[in-house]
Amino acid sequence: MAYSELQLDNQICFRLYTASRLITQAYTPMLTELGITYPQYLVLMVLWEKDSQPVNDIAHRLMLETNTVTPLLQRMEKQGLIIRKKGELDKRQQIVSLTKKGCDMEEQAFKLIPGGMGETLKACPLQIDDYTVLAQQLDILIESLKDKERNE
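Residues numbered from 1 in each chain as written. Predicted model: local features only at pLDDT ≥ 70, side-chain atom pairs only at ≥ 80, totals over all residues. Heavy atoms only, no water.

How would you summarise the side chain of threonine 99 if you had to cite specific residues and measurements?
As for its position among the elements, threonine 99 is in the loop between β3 (94-98) and α5 (100-122). Threonine 99 sits in the buried class, given a relative accessible area of 17%. Of the polar contacts made by the side chain of threonine 99, one reaches the backbone oxygen of glycine 80; its length is 2.4 Å. (Helix = DSSP H or I, 4+ residues; strand = E, 2+ residues; numbered from the N terminus. Buried < 20%, exposed > 50% of the residue type's maximum accessible area, 1.4 Å probe, protein only. Polar contact = N/O pair within 3.5 Å; in protein donor to acceptor, adjacent residues only side chain to side chain.)

What follows is the structure in structure tokens.
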């Protein structure tokens, strides 16, 4: 190989991609039990933090485009997890709110997911403080990449 910079083992993106894929895979059995996908879980977490939000705000919080979030919301509405209504002040805006089923799922998720992921990660030699530092470092990386994207 002519360029060591192009070796897979020298790519931070590959490590991030693999870690993300494996973490998402670890969530799958718990989310399947809830009847939702990982992206739906992310939307639910946003709404559990603050219910009744515009689609644009949800997309912004998840760092996604609205055209990515909209089909996801449509499926969630069919499942009875959320409802979408036109905004009162701005009829062009869609406000997304949890249904009773969506609200009740928070309790189910709490019983399943934190403990389940704790068990999954127990085999890893990292300590809780390591995860805190890692999350902070990833936040710095994300912000830096968002700033670069805004400036282009």
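Describe the packing of aromatic side chains, with residues and values.
Any two aromatic rings considered together are summarised by their centre-to-centre distance and by the angle between their planes. Taken as a whole and assessed by the stated rule, the structure comprises four aromatic pairs. Pairing tyrosine 38 with tyrosine 41 gives two aromatic rings, centres 6.5 Å apart and planes at 50°, and the pair type is tilted. One end of the pair is tyrosine 38 and the other is tyrosine 41, both in helix α2 (residues 38-49) and three residues apart, which spans about a single turn. Relative accessible area serves as the criterion here: at 8%, tyrosine 41 is assigned to the buried category. (Phe/Tyr/Trp six-rings, centres within 6.5 Å; stacked < 30°, edge-to-face > 60°.)

Requested: an account of the confidence of the model for the chain, with residues and values cited.
Atomic detail in the predicted coordinates should be set aside for any region of low pLDDT. Per-residue confidence for the chain gives a mean pLDDT of 94, with 98% of residues at or over 70. Averaged pLDDT values over the elements of the chain bottom out at 90 in helix α6 (residues 128-150) and peak at 98 in α2. (pLDDT = per-residue confidence, 0-100.)

Describe helix α1 (residues 12-34), listing the residues and the values that go with them.
Because an α-helix completes one turn every 3.6 residues, residues spaced three or four positions apart along the sequence face the same direction. When the terminal C-alpha atoms of α1 are compared, their 33 Å separation across 23 residues agrees well with the 33 Å that a helix rising 1.5 Å per residue should span. Of all the bends in α1, the greatest, near 40°, is centred on threonine 28, and the proline proline 29 appears no more than four residues after it. Taken together, the buried positions of α1 are occupied by Thr18, Ala26, Tyr27, Met30, Leu31 and Leu34. Each element contacted by the buried residues of α1 is listed here: α2 and α5. Residue glycine 35 follows α1 closely and has a positive phi angle near 80°. (Expected span 1.5 Å × (residues − 1). Bend = angle between axes of the 7 residues up to and from the residue. Contact = heavy atoms within 4.5 Å.)

Any details on a nonpolar patch on the surface? Residues and values, ideally.
A grouping of Ile12, Leu16, Met63, Leu134, Leu138, Leu141, Ile142 and Leu145 is seen on the molecular surface, where their side chains present a nonpolar patch of about 660 Å² in accessible area. Of all elements in the fold, only α1 and α6 reach the threshold of two or more residues within the nonpolar patch. With five residues, α6 is the largest single contributor of residues to the nonpolar patch. Turning to its location among the elements, methionine 63 is positioned in the loop between α3 (55-61) and α4 (66-78). (Patch = residues over 30% accessible without salt bridge, like charges linked within 9 Å, V, L, I, M, F, W, Y side chains within 5 Å. Areas by Shrake-Rupley, 256 points an atom, 1.4 Å probe, with all protein chains shown as cover. Salt bridge = Lys/Arg side-chain N within 4 Å of Asp/Glu carboxyl O.)

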